[in-house]
Structures are given as C-alpha cells and as structure tokens.
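Listed below are the residues making up each chain.
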Amino acid sequence: MINTDDKLICIQGNEFYKEGEIYTVGRIVNNKYFQILTGNNADHWYATLDDKGIYVSFDSMSPKDNKAWFDKID
C-alpha cells in the first residue's frame, strides 16, 4: 500500500525521474493511482501501482515505451 509522504527510489529513470534518486508520494487518488513529486516537489506526475509494480508512464509523449519505475523504501 502507498501512502502520502512515502519515499520511493527510482530504479529505472527517464527524462523526468533520475535513476537512484528518492522521490516523495504526493496526493493519493485511489488504491491504484497517486502522485509522485518531481525533484523540486512543486510538480508531479501520476503513478500507477499494479501487478507490474510502481511506474509513471510517458507512453503518449514518446514513440517508445518511456516508463519510470520505482520501489518503495521501507
């Protein structure tokens, strides 16, 4: 389960999220969707939590699969 202010480490980055960096969970939309704040904590993208893991999808912005993947830090 993901909660507001949880910390996530980026395990596969892209142009918006850097691999190895720690990011904070923002507002929870529901048990599947929530915000991951960007490095300056002023902006965010919406993340998905499902059986594949935790990721932010940028598929519509790129001709290739451009997801950023995260693990929760306990």
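Above this text you will find the structure in question.
The structure reproduced in this document is the subject of the present report. (Residues numbered from 1 in each chain as written. Predicted model: local features only at pLDDT ≥ 70, side-chain atom pairs only at ≥ 80, totals over all residues. Heavy atoms only, no water.)

Let's talk about the sheet that holds strand S2 (residues 22-28)
In a beta sheet, neighbouring strands pair by backbone hydrogen bonds and run either parallel or antiparallel.
Here comes step 1: Spatially, the six strands close up into a barrel ordered S1-S2-S3-S4-S5-S6, and their pairing is antiparallel. Between one strand and the next, the sheet's axes are offset by a mean angle of 45 degrees, whatever the strand orientation.
Here comes step 2: Note: strand S1 (residues 7-12) against S2, three bridges, orientation antiparallel. Paired with Ile-9 across the two strands is Ile-22, which belongs to S2. (Pairing = 2+ DSSP bridges. Helix = DSSP H or I, 4+ residues; strand = E, 2+ residues; numbered from the N terminus. Axes fitted to C-alpha atoms, helices over the stretch in contact; angles between N-to-C directions.)

Observations concerning the pattern of salt bridges
Here comes step 1: All told, the structure shown has one salt bridge when counted by the stated rule.
Here comes step 2: Between Lys-72 and Asp-6 there is a salt bridge, and its shortest N-O distance comes to 3.3 Å. Of this pair, Lys-72 sits in strand S6 (residues 68-72) while Asp-6 sits in the segment before S1, placing them 66 residues apart in sequence.
Here comes step 3: Judged by relative accessible area, Lys-72 falls into the partly exposed class, the value being 34%. (Salt bridge = Lys/Arg side-chain N within 4 Å of Asp/Glu carboxyl O. Buried < 20%, exposed > 50% of the residue type's maximum accessible area, 1.4 Å probe, protein only.)

Examining the pairing of S2
Here comes step 1: Of the pairings in the sheet, the one linking S2 to strand S3 (residues 33-37) comprises two bridges and is antiparallel in character. Paired with Ile-28 across the bridge in S3 is Phe-34.
Here comes step 2: Remark: four residues form the turn of the hairpin made by S2 and S3, two consecutive strands paired antiparallel.

Nothing here speaks to function; it is all geometry.
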